[in-house]
Structure formats: structure tokens, C-alpha cells
Amino acid sequence: HHEIDQDLRKSILTNAALCVAGFFLTQRMIPVASRYVSKRGLFGFDINKKGTPQGDVKVPESLGIVVGIVFLVLAILFQYFNFTSDSNWLVEYNAALASICFMILLGFVDDVLDVPWRVKLLLPSIAALPLLMAYAGHTTIIIPKPLVSYVGQEVLDLGWVYKLYMGLLAVFCTNSINIHAGLNGLEVGQTVVIASAIVIHNLMQIGASSDPEYKQAHAFSIYLVQPLLATSLALLSYNWFPSSVFVGDTYTYFAGMTMAVVGILGHYSETLLIFFLPQVLNFLLSLPQLSGYVKCPRHRLPRFNPETGLLTGTRDGTLINFYLRIVGPKSEKSLCIHLLFVQALGCCFCFMLRYFLAGWYK
Ligand code: UD1
Ligand code: MG
């Protein structure tokens, strides 16, 4: 056991060292890529600056492509430095990378071609296919103790329904990050908060368990989330208020898919969904507009007042608007900090919930 722990620690630290290099590489590459995307017409106007001089500046779009490429390079190189011996590991790891890579491609396609909404929602289910097809892990769920008497058994094999669930999770994680957006720094900021919570969760699980396979599953998840965190932090340094670059759907889809993949392969997707609590709320508030029951405009953002520099909530069904209508008008920067704080609170809530519900399983 001691040897396994040593190997895991060595692998995780090597991965972290690669990530530090990845952070600086991403930070170097973003300004270079910015010039190229702008030259090709990939830019956007900052909607929450409309009416001020900043509102007329062309902001380079889709810089998620840099993050995605550096992430893939890190994740591919890392295979050479993984010190634990697990033969199944490579198959699932590479299937995960194929899905993430496919998602980056489709995200970039969406940024360049502006795919219509209904099609957009389905792109992640296509990108998830490599993982779904290669997935050989179990398809069972453990029934919480208080419910065992109703279900009649302690574990339930869901078979293909479980794979359907995996596909839906990918669709949810990607789109829910993409539609909780429109403030400088929010798309990347929420990813940074959730990815940090995932790393903490993984480390806690590795520390608490004595089952080598269980530890391996959580280490696996760290190998993918650490590079996501490092490259995202580099992007955040440019995307933070006032943004000098936009991330594009390339980034939101890539980040969502990476987190869905680690949740699936690490077998903690229910925990992941609690980390996504604000996104779940935003999704529920958005349902009337997403389903087409209420008209859905291209942008569902608060109203910006160029005189005061403050944002006021509108009637569009988003968490941003809902929050603004509770706390009153806010500047873009402080609103983003507030929402990231809410996100972090949700993650703390999740850790507490796990702690108190621990007796429900096992
Ligand atoms: C999603 C949201 C949309 C929101 C948009 C903002 C739904 C159904 N869709 O659409 O309501 O307005 O994200 O990203 O909820 N932008 C800013 N400031 C930012 C980030 C983006 O002004 O901090 C603007 C820029 O003009 C940028 C554009 O949004 O070019 C990018 O929008 P895009 O990511 O393509 O929108 P969607 O993901 O389709
Ligand atoms: Mg978007």
C-alpha cells in the first residue's frame, strides 16, 4: 500500500509541475493568438460597456482554443510520466482525451460558423461518443441506505441507461457553463472555482480510502483537472474585468466536457452535480426560454447604464438577472465576484453535505 501511495504522489506532483509550465505557455500564447483571430474576423464587442469608449473596442474571441491546445499537449505528454501501473488506465484516458478534443473542435466550429441553438445543444452528445463507446467500467449505482428497503437491493445495475445518463451529463455540463455567461471573467471564473473544488475532493478521497482502485480513479481525475485549472487561470488573467479577450464557446464546451469526463470516470458525478448547483439553478430558470415556450433573444443580459456604470436585472430568465433583482444594481466586476463567491459557497455546501450523508452509503 505504501508503494502505491508513493507512486500516486509522484505522478500527481509531476502532473502539477507540467501544469506550471502549461500556465506560462498559455499566458505567452494568448496575445499571439489574439492577433491572428482578430485578423480573421473572430472578435466581439463587450455588451456591458455599450455607450462607453470601451464598448467600441474589438475584443478577440475564442481564445479558448489556446487553452484547449495547451491542455491537450499537457495531457498527452503526461502519459509518459505516469508512474502507476494500470493497464486499463490508458484506454479510458485516451478515450477521455478523444472526447475532449472532439469537443474543442465542435466548439471552435460553433464560434466560427455560429450554429443555431437547437443544434448547439446537441454538439456535446456527439463529442461524448468516444468515451461512451470505450467505457468499460461498471454501470451500477449504490442505493442510499434509507432507500434500500424501497428499491429492494443495495446496488442497481442500470446497463445502457447509465450510458445515456453519461451522455446527458456531458450535454448538461457543457451547456450549463455556456449559458451562465456574459460578464467579464464569469465563464472562466466559475470553471476555476469548480475545478479547484474537484481537486480538493479528489485529494480528500485519495487520503481517506485504502482501496487502490478507488484511489487510482481519483488520481486519474486529478491528472485532467490540474491542467484544466492551470490553463484556465492563465486565460482568466486576460478575461478578467475589463476583458482583453473573450473565451468563446470553444472554451465553455471544452471546460464543461473535461469536468463531465472526470466526473464520469472518477465515479462521482452526483458530487459533481452539487458543485454545479448555481448552473443547475440557472438552467431551471432558463427552461422556459430554452424550450421555446418564451421567446429567447440572442443575449439574455442585464441592462447596462453607461451613465452610472451599473447593471440592472432584466426579466430574462437567468441567475445573473435573478441575483441582480434581489441585491439591486451592481457594477460588472463586483457582480462577477459575487457570483463566483456564490459558486464557492455552493462547493462548501457540497463538502458539508457529503460529510453529513457519509453514513447513507457503504
Ligand atoms: C450565451 C447566452 C447568452 C449570453 C452569451 C454571453 C443563453 C441561451 N445564451 O450565448 O444569453 O448573452 O452566452 O456570452 O443563455 N460577451 C460580452 N461580455 C462577456 C462575454 C461575452 O459582452 O464577458 C458577448 C460578446 O459580444 C461576445 C459574445 O457575448 O462576442 C459571445 O457570445 P457567445 O458565447 O457566442 O454566446 P452564446 O454562448 O451563444
Ligand atoms: Mg458562449
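These numbers were taken from a predicted model, which means no experiment stands behind them. (Residues numbered from 1 in each chain as written. Chains lettered and ligands numbered in written order. Predicted model: local features only at pLDDT ≥ 70, side-chain atom pairs only at ≥ 80, totals over all residues. Heavy atoms only, no water.)

## Some thoughts on helix α10 (residues 248-265)
Logical step 1: Here α10 contains 18 residues, and its C-alpha end-to-end distance of 26 Å stays within 8% of the 26 Å for a straight helix at 1.5 Å per residue.
Logical step 2: Taken across its 18 residues, α10 has 18 buried, putting it largely inside the fold.
Logical step 3: Phi turns positive, to about 60 degrees, at H267, one or two residues after α10. (Helix = DSSP H or I, 4+ residues; strand = E, 2+ residues; numbered from the N terminus. Expected span 1.5 Å × (residues − 1). Buried < 20%, exposed > 50% of the residue type's maximum accessible area, 1.4 Å probe, protein only.)

## Some details on the coordination of the magnesium ion (ligand 2)
Logical step 1: For the magnesium ion (ligand 2), the full set of protein donor atoms is N178 (OD1) and D249 (OD), at a range of 2.0 to 2.1 Å. Pair noted here: N178 is in helix α7 (residues 160-179) and D249 is in helix α10, with a separation of 71 residues, a long-range link.
Logical step 2: Taking relative accessible area as the criterion, N178 reaches 10% and is therefore assigned buried.
Logical step 3: Of the residues examined, D249 reaches a relative accessible area of 13% and is grouped as buried. (Donors = N, O, S within 2.8 Å, 3.2 Å for Na, K, Ca; no water.)

## Things to note about the packing of helix α1 (residues 2-39) against helix α9 (residues 212-239)
Logical step 1: As a packed pair, α1 and α9 sit with axes 8 Å apart at the nearest point and diverge in direction by 20 degrees. In terms of their interaxial angle, α1 and α9 are classed as roughly parallel. Crossing of α1 over α9 shows right-handed handedness.
Logical step 2: In terms of residue class, the contact of α1 with α9 is made up of 18 nonpolar, nine polar and two charged. (Axes fitted to C-alpha atoms, helices over the stretch in contact; angles between N-to-C directions. Parallel < 35°, antiparallel > 145°, perpendicular 65-115°, else oblique. Left-handed = near helix turned anticlockwise from the far one by under 90°. Nonpolar A, V, L, I, M, F, W, Y, C, P; charged D, E, K, R; others polar.)

## Here's the deal with the site of ligand 1
Logical step 1: Near ligand 1 you find 21 residues, and of these F45, I47, E61, K120 and H299 are the closest.
Logical step 2: The contact in question runs from an oxygen atom of ligand 1 to an N or O atom on the side chain of D46, over 3.5 Å.
Logical step 3: In this structure, an oxygen atom belonging to ligand 1 sits 2.9 Å away from a side-chain N or O atom of N184.
Logical step 4: Relative to its unbound accessible surface of 720 Å², ligand 1 loses 93% to contact with the protein.
Logical step 5: At the level of secondary structure, the elements contributing two or more residues to the shell around ligand 1 comprise β1 (43-45), α4 (117-127) and α7.
Logical step 6: When its residues are assigned to classes, the shell around ligand 1 shows nine nonpolar, five polar and seven charged. (Near = heavy atom within 4 Å. Polar contact = N/O pair within 3.5 Å; in protein donor to acceptor, adjacent residues only side chain to side chain. Areas by Shrake-Rupley, 256 points an atom, 1.4 Å probe, with all protein chains shown as cover.)

## With respect to helix α12 (residues 277-290)
Logical step 1: Taking 1.5 Å per residue as the helical rise, α12 with its 14 residues ought to reach 20 Å, and the 18 Å between its terminal C-alpha atoms agrees with that figure.
Logical step 2: Along α12, the sharpest kink reaches roughly 30 degrees, centred on L284 and followed within four residues by the proline P288.
Logical step 3: Taken together, the buried positions of α12 are P278, Q279, N282, S286, Q289 and L290.
Logical step 4: Residues of α12 that are buried make contact with α4, α7, α8 (186-208), α11 (269-275), α13 (319-327) and α14 (332-357). (Bend = angle between axes of the 7 residues up to and from the residue. Contact = heavy atoms within 4.5 Å.)

## Section: the nonpolar core
Logical step 1: Residues F71, Y93, I198, L224 and L235 are the most contacted members of the largest nonpolar core, which totals 78 residues.
Logical step 2: Discounting chain neighbours no more than four positions away, the residues touching L224 are F71, A75, Y93, A96, L97, T258, V261 and V262.
Logical step 3: Grouped together as the second largest cluster of nonpolar side chains are 11 residues, L183, F304, L335 and L339 included. (Core = buried A, V, L, I, M, F, W, Y, C linked by side-chain atoms within 4.5 Å.)

## Observations concerning the confidence of the model for the protein chain
Logical step 1: With 98% of its residues at a pLDDT of at least 70, the protein chain reaches an overall mean of 93.
Logical step 2: Looking across the protein chain, the model is least confident in strand β3 (residues 140-142), with a mean pLDDT of 80, and most confident in strand β2 (residues 58-60), with 98.
Logical step 3: The ipTM assigned to the predicted complex is 0.98, against a pTM of 0.96. (pLDDT = per-residue confidence, 0-100.)

## Regarding the state of the cysteines
Logical step 1: In the structure shown here, the tally under the stated rule is zero disulfides.
Logical step 2: C173 takes part in no disulfide bond, and the closest cysteine sulfur to it belongs to C347, at a distance of 13 Å.
Logical step 3: Overall, C173 belongs to the buried group, its relative accessible area being 0%.
Logical step 4: With no disulfide of its own, C350 lies 7.0 Å from the sulfur of C347, the closest cysteine sulfur. (Disulfide = S-S within 2.5 Å.)

## Things to note about the packing of α7 against α12
Logical step 1: For the pair α7 and α12, the least separation of the axes is 10 Å and the interaxial angle reads 80 degrees. One element, α7, and the other, α12, form an angle in the roughly perpendicular class. Across from F172, S176, I177 and I179 in α7, the residues of α12 making contact are Q279, V280, N282, F283, S286 and L290.
Logical step 2: Split by residue class, the contact of α7 with α12 holds six nonpolar, four polar and no charged.

## Quick word on the side chain of T252
Logical step 1: Within the secondary structure, T252 sits in helix α10.
Logical step 2: The buried category is assigned to T252, whose relative accessible area is 0%.
Logical step 3: If we skip the residues at most four places from it in the chain, T252 touches T174, I177, N178 and E187.

## Considering the pattern of salt bridges
Logical step 1: Considering all chains together, one arrives at five salt bridges under this definition.
Logical step 2: With a shortest N-O distance of 3.0 Å, K49 and D46 are connected by a salt bridge. Both residues of the pair, K49 and D46, count as buried.
Logical step 3: Ionic pairing is found between K49 and E332, a salt bridge with its closest N-O pair at 2.6 Å. Separated by 283 residues along the polypeptide, K49 in the loop between β1 and β2 and E332 in helix α14 bring together distant segments of the chain. Note on accessibility: K49 and E332 belong to one class, buried. (Salt bridge = Lys/Arg side-chain N within 4 Å of Asp/Glu carboxyl O.)

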